Amino acid sequence: MYPTINTDYCKGCNLCVEVCPKTVFTVGKNLSQRGYFNPVVDYREKCTNFRLQKGQKILCEICWLTCPEHAIEFI
Amino acid sequence: MEFFDFYRKDRWPHQFCPGCGLGTVMNSLYKAFSDLNMDLKNTVFVSGIGCTGRVPGYINGDSVHTTHGRPIAFATGIKLARPDLNVVVISGDGDLFAIGGNHIIHAARRNVDIKVIAVNNATYGLTGGQLAPTTPHNMITTTSPYGNKEHPFALSELVAAAGANYVARWTTAHPNQLVNSIKTALTTPGFTFVEVISQCPVNFGRRNKMGDPVYHLRWIKDHSIPLSKVTFDMKSPFDFMDIDFKGIYTIGEFVKRDRAPYGKTIETENNILRPPKE
Ligand SMILES: Cc1ncc(C[n+]2csc(CCOP(=O)(O)OP(=O)(O)O)c2C)c(N)n1
Ligand code: SF4
Ligand code: SF4
C-alpha cells in the first residue's frame, strides 16, 4: 500500500510533505485543474506501508490524519 | 465506518481554507469514532458560530448549529432532556471562551455529561482574524496592529480548575495523541474537554509571517512541550501560554477525575425532580 493524492480534493497546502517522516511526497510544480499545486508522491517505495497488502492494518497514517482535505488514500 | 459514512460526501470538499487545521481535527474525530465503533444515531453534535462551528454540518448525523456562544447551554438542555444520547460539542475558542465563557465554566463546575472539543486557533477566524482572548502576547491581528498587549486565556487549565472530569490539550501537529484523547473523552462520563491548538494560516498566520500552513504547523510544533517536560518554575498558566516570554503551549492530559455527572445527581420521576434513590 502507498499513498495517492486525489486531485479533486487536494488544496495544495503541502502539509503532507511536511509531516511525512520518510519524505514520500515532494512539492508539486504543475497547476491542477482546480488551480492548486498538488504535491506528487515521488518515493512511494519509501513509505512504511509499502510492503503491506490491502486489508492489513496500516502502520503509519500520519499524512492521512493530517491532510485537511481527505485527499490522501492508500491503495 | 467509512470516512464518507461519517461525513457527507455531497458536501465535500469542505469550505475551510487550504491548510486549515480544522480538517485534521475532523479526521481525528472520525478516527476516534470509528475506532470506538460508536453509533452516529445516538450522538448529537452541537456547535456555535465560527469556522469550527461549521464542522457538525458536515457530519452525517444529527447536529445543532446554535447561536454564537451558546452551544454549551443547548448541549446541557439536550443532555438533561435525553440522557440516553451522547452529546458532543465542537466549537471555536472565541465561541466557547469569549462570548460563551461563563457557560463553559459552569458546565465544568456542574460536571454536565457532555464532551467538548475546543479548537483553539488563537483568533476569530470566520470574521476576519480579530483579536481573541486566546491570542498570544504581542501577536498581530486585524484589531491589534501593534501586537496584542493583553495576555491570553489558558483554556485547559481554566476548565481543569473549574472541575471537569477529563482535560487534555493537543495540537494539530500531534494527531495520533489527539485521536487517543478524543477516545478517552468520549468514553469518560461527566464533563470532558479536549483543546486542540490549530493553525489558521489565512487569518492568523498571514499577519504573523506564517501565511504558509507549513510554517504555521512548524511554529505550533516548536512552541509546544509535553507536560512531563515542564520544569517546576513554569507551572503557572501565565508562563504556559505567553508565547512571548517562555513561549510554549504545554500539551498532554491535565486531569482525570471521577466525579458524578450532573445528570446522575438528579432524577426525574413523573416530571418531578427528586434526589436519586440509593
Ligand atoms: C451574537 C454575535 N456576536 C458576534 C458574532 C460575530 N461572530 C461570528 S463568528 C465569531 C467568532 C468565532 O470565532 P471562533 O469561535 O474562535 O471560531 P473560528 O472561526 O476561529 O473557528 C464572531 C465574533 C455573531 N455571529 N453573533
Ligand atoms: S495535505 Fe492533503 S490537501 Fe494538503 S497538499 Fe497534501 S494531499 Fe493536498
Ligand atoms: S479562516 Fe482560519 S479557521 Fe477559518 S477556515 Fe480559514 S484557516 Fe480555517
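Look up: the structure comes first, before these words.
A brief look at the structure comes next. Computed from a prediction, not measured in an experiment: that's the story for all the values here.

1. Here we look at the overall build of chain B
So, step 1. When its secondary structure is counted, chain B shows 10 helices and 12 strands.
So, step 2. Nonlocal contacts in chain B, meaning residues at least 24 apart in sequence, comprise 66% of its contacts between residues at least 6 apart.
So, step 3. Of the roughly 11,900 Å² of accessible surface on chain B, 53% is carried by carbon and sulfur atoms.

2. Re the packing of helix H5 (residues 101-110) of chain B against helix H6 (residues 155-162) of chain B
Residue and element names in this part refer to chain B.
So, step 1. H6 packs onto H5 with a crossing angle of 40° between their chain directions and a minimal axis gap of 7 Å. By the angle between their axes, H5 is oblique relative to H6. Between H5, through Ile-105, Ala-108 and Arg-109, and H6, the contact on the second element is made entirely by Leu-158, Val-159 and Ala-162.
So, step 2. Of the residues in the contact of H5 with H6, the class split is five nonpolar, no polar and one charged.

3. Brief notes about the pairing of strand E3 (residues 86-92) of chain B
Residue and element names in this part refer to chain B.
So, step 1. Of all the seven residues making up E3, six are buried; the element is thus mostly covered by neighbouring parts of the structure.
So, step 2. Bridging between strand E1 (residues 43-47) and E3 involves four bridges; their strand directions are parallel. Bridge pairing in E3 links Phe-45 to Val-88.
So, step 3. Strand direction decides the pairing type here: E3 and strand E4 (residues 115-120), joined by five bridges, are parallel.

4. Some remarks on unusual backbone geometry
Residues and elements named next belong to chain B.
So, step 1. Each neighbour pair has its own omega, and for Trp-12 with Pro-13 the value is -10°, a cis peptide bond.
So, step 2. Position of Pro-13 relative to the elements: it lies in the loop between helix H1 (3-6) and helix H2 (22-36).
So, step 3. Positive phi values are uncommon outside glycine, yet Ala-122 reaches one of about 65°.
So, step 4. Considering the arrangement of structural elements, one finds Ala-122 in the loop between E4 and strand E5 (123-124).

5. Quick look at the site of ligand 3
So, step 1. Taken together, B:Phe16, B:Cys17, B:Cys20, B:Cys51, B:Asn121, B:Gly125, B:Cys200, B:Pro201 and B:Asn203 make up the full set of residues near ligand 3.
So, step 2. Class assignment of the residues belonging to the shell around ligand 3 gives a composition of six nonpolar, three polar and no charged.

6. Some words on the pattern of salt bridges
All names here are of chain B.
So, step 1. Enumeration according to the criterion identifies 12 salt bridges over all chains in this entry.
So, step 2. Here Arg-8 ties to Asp-10 by a salt bridge, and the two come within 4.0 Å at their closest N and O atoms.
So, step 3. Overall, the relative accessible area of 28% leaves Arg-8 in the partly exposed class.
So, step 4. Judged by relative accessible area, Asp-10 falls into the exposed class, the value being 62%.

7. Topic: the interface of chain B and chain A
So, step 1. Facing 27 residues of chain B, the contacting portion of chain A comprises 19 residues.
So, step 2. Across the chain B to chain A interface the summed buried area is about 1,800 Å²; carbon plus sulfur atoms make up 63%.
So, step 3. Joining chain B to chain A, the criterion identifies two salt bridges.
So, step 4. Between A:Glu18 and B:Arg218 there is a salt bridge; the shortest N-O distance is 2.9 Å.
So, step 5. Seen at the junction of chain B and chain A, the total is 11 residue pairs in polar contact (both at pLDDT 80 or more).

8. Regarding the nonpolar core
So, step 1. Formed by 52 residues in total, the largest nonpolar core has its most connected members in A:Phe25, B:Phe6, B:Tyr7, B:Leu29, B:Phe33, B:Phe45 and B:Ile59.
So, step 2. With seven residues, the single largest contributor to this core is H2(B).
So, step 3. Those residues in contact with B:Tyr7 that sit more than four places away from it in its chain are B:Trp12, B:Met26, B:Asn27, B:Leu29, B:Tyr30, B:Tyr58, B:Ile59 and B:Asn60.
So, step 4. With 27 residues, the next largest nonpolar core counts B:Ala75, B:Val89, B:Ala118 and B:Leu155 among its residues.

Thresholds, definitions, all that
- Residues numbered from 1 in each chain as written.
- Chains lettered and ligands numbered in written order.
- Predicted model: local features only at pLDDT ≥ 70, side-chain atom pairs only at ≥ 80, totals over all residues.
- Heavy atoms only, no water.
- Helix = DSSP H or I, 4+ residues; strand = E, 2+ residues; numbered from the N terminus.
- Contact = heavy atoms within 4.5 Å.
- Areas by Shrake-Rupley, 256 points an atom, 1.4 Å probe, with all protein chains shown as cover.
- Axes fitted to C-alpha atoms, helices over the stretch in contact; angles between N-to-C directions.
- Parallel < 35°, antiparallel > 145°, perpendicular 65-115°, else oblique.
- Nonpolar A, V, L, I, M, F, W, Y, C, P; charged D, E, K, R; others polar.
- Buried < 20%, exposed > 50% of the residue type's maximum accessible area, 1.4 Å probe, protein only.
- Pairing = 2+ DSSP bridges.
- Near = heavy atom within 4 Å.
- Salt bridge = Lys/Arg side-chain N within 4 Å of Asp/Glu carboxyl O.
- Buried area = accessible area lost by both parts, 1.4 Å probe.
- Polar contact = N/O pair within 3.5 Å; in protein donor to acceptor, adjacent residues only side chain to side chain.
- Core = buried A, V, L, I, M, F, W, Y, C linked by side-chain atoms within 4.5 Å.

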